[in-house]
Amino acid sequence: MALECVAVLGWGDSGSRASGLVFNGVRNSNRTPRKCVCRGGFSGLSGDSVIKSADNQNTGKSSNVNDVPGKLCKDLISLPKPLTVADFTVTPNDGTKVRISFKGLPGSFSEDAALKAYPKCETVPCDEFEDTFKAVELWLADKAVLPIENSSSGSIHRNYDLLLRHRLHIVGEVQLAANFCLLALPGIKADQLKRVLSHPQALASSDIVLTQLGVARENVDDTASAAQYVASNGLRDAGAVASARAAEIYGLNILADRIQDEPDIITRFLVLARDPIIPRTDKLFKTSIVFTLDEGPGVLFKALAVFALREINLTKIESRPQRKRPLRVVDDSNTGTAKYFDYLFYIDFEASMADPRAQNALGHLQEFATFLRVLGCYPMDATL
């Protein structure tokens with residue numbers, strides 16, 4: 001595996017208080033990005049790439065594929081490992097396919113979201129959420145798909161932090177309805193299962209069915225890795241909660257589908273890219289921003305009022321303590337010195353940045369925000 005140079009050094013830093021709007025950290029569009037020329041190749045990268053099995057991750061030992069029935073091994077032996085930061089090299093992109101990075105194995109719900117947004121895309125599996133960002137930043141992928149919130153478990157806070165840490169732009173969203181299936185090896189029935197593996201959220205969302213079966217529950221990194229682990233190790237006493245497509249990929253049978261407690265579990269994903277898209281007003285757009293405020297009574301009310309005054313609908317508000325400066329010290333003459341959490345506020349609103357209402361609202365907000373950054377302006381996804 002050759003690697004001469006892989007780097008995109010990005011744009012210049014932005015200050016905390018802008019003299020003009022900060023679009024994802026870029027103040028002056030005339031500034032030229034610094035980058036290196038990337039050469040090299042990644043052998044065997046494809047949409048069917050898989051990461052090391054859960055067995056490898058937990059024990060450090062390789063699975064013995066000789067113990068697996070022949071028809072279940074047909075694809076597992078030849079599939080390469082997924083990307084990690086250490087493995088990043090560049091494959092020249094001929095422009096025929098959009099390459100989408102995602103966290104997990106083929107058959108995961110994140111990959112389903114990528115295929116919903118770009119049906120003919122080439123998917124690039126990654127080990128961690130941060131690796132999906134780096135794959136795009138290092139030109140290994142054109143875009144990344146990132147889960148941001150779920151109707152069952154709420155916001156994915158780690159990914160909000162990554163949005164701020166990296167300089168990618170939100171260029172789209174995908175809403176995906178989950179269909180959790182109970183999978184097992186061919187010939188195995190549900191009453192033979194002693195344990196079921198899956199992502200913790202999938203297991204929690206399927207509590208009623210799993211309780212009725214009386215099985216032990218084991219957490220793994222994602223739903224598709226649970227299916228891959230059961231198949232690659234030939235586990236006859238174990239099942240997996242995963243997607244129907246994971247069953248097809250790893251040669252498992254579907255013992256039951258739609259086993260989630262709530263019939264409709266929706267996950268919202270963001271599509272990220274190196275460059276923003278041009279905002280439009282001829283279709284429904286959504287804009288995502290992040291900002292900070294000074295401490296004081298009514299400050300958040302004033303921030304939200306800039307949208308209400310212009311009849312702009314807010315669809316999401318999320319607050320996260322600042323990691324680098326979690327506490328703000330305030331000297332109150334009446335009560336003495338007080339310490340408060342210093343928060344970042346993430347907001348999504350229904351308006352395009354090409355709409356004068358949105359431009360005026362952000363100009364108004366900037367008057368008293370100590371930091372303001374536009375994370376992206378993108379078309380709304382109204383389909384399931």
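Before any of the text, the structure's been laid out above.
These notes cover the structure that comes with them. Remember, predicted model here, so these are calculated numbers, not experimental data. (Residues numbered from 1 in each chain as written. Predicted model: local features only at pLDDT ≥ 70, side-chain atom pairs only at ≥ 80, totals over all residues. Heavy atoms only, no water.)

A separate point is empty space enclosed by the protein. One pass over the structure, following the stated rule, counts two cavities of 30 Å³ or more. Quantified by volume, the largest cavity comes out at close to 80 Å³. Forming the boundary of the largest cavity are 13 residues, of which Tyr160, Leu163, Leu270, Ser288 and Asp348 lie nearest the centre. Elements supplying a minimum of two residues to the lining of the largest cavity: α5 (157-165), β15 (266-273), β16 (285-293) and β20 (343-349). A breakdown of the residues in the lining of the largest cavity according to their chemical character gives nine nonpolar, one polar and three charged. When we break the lining of the largest cavity down by domain, the ones giving at least three residues each are domain 2 (99-176) and domain 4 (277-379). (1 Å grid on protein atoms, 1.4 Å probe; cavity = no way out; pocket = protein on both sides within 12 Å on 5 of 7 lines; lining within 4 Å. Points joined across faces, edges and corners; volume = space filled by probe spheres on them. Helix = DSSP H or I, 4+ residues; strand = E, 2+ residues; numbered from the N terminus. Nonpolar A, V, L, I, M, F, W, Y, C, P; charged D, E, K, R; others polar. Domains from an automatic or database assignment.)

A few words now on helix α11 (residues 356-366). Turn by turn, an α-helix covers 3.6 residues, leaving residues three or four places apart pointing in a common direction. Along α11, the residues classified as buried are Ala358, Ala361, Leu362, Leu365 and Gln366. The buried residues of α11 occupy one face: seen down the axis, they fall within an arc of 135 degrees. Buried residues along α11 sit in contact with β16, α10 (299-308), β20 and β21 (369-379). For α11, the N-terminal cap is Asp355; the gap from its side-chain oxygen to the backbone nitrogen of Arg357 is 2.9 Å. (Buried < 20%, exposed > 50% of the residue type's maximum accessible area, 1.4 Å probe, protein only. Arc of directions from axis to C-beta. Contact = heavy atoms within 4.5 Å. Polar contact = N/O pair within 3.5 Å; in protein donor to acceptor, adjacent residues only side chain to side chain.)

Tracing the sequence through the fold places Arg268 in strand β15. Engagement of the side chain of Arg268 in a polar contact is seen with the side chain of Asp348, the distance being 3.1 Å. Those residues in contact with Arg268 that lie beyond four places of it in its chain are Leu146, Pro147, Ile148, Glu149, Glu173, Val174, Lys286, Asp348 and Tyr378.

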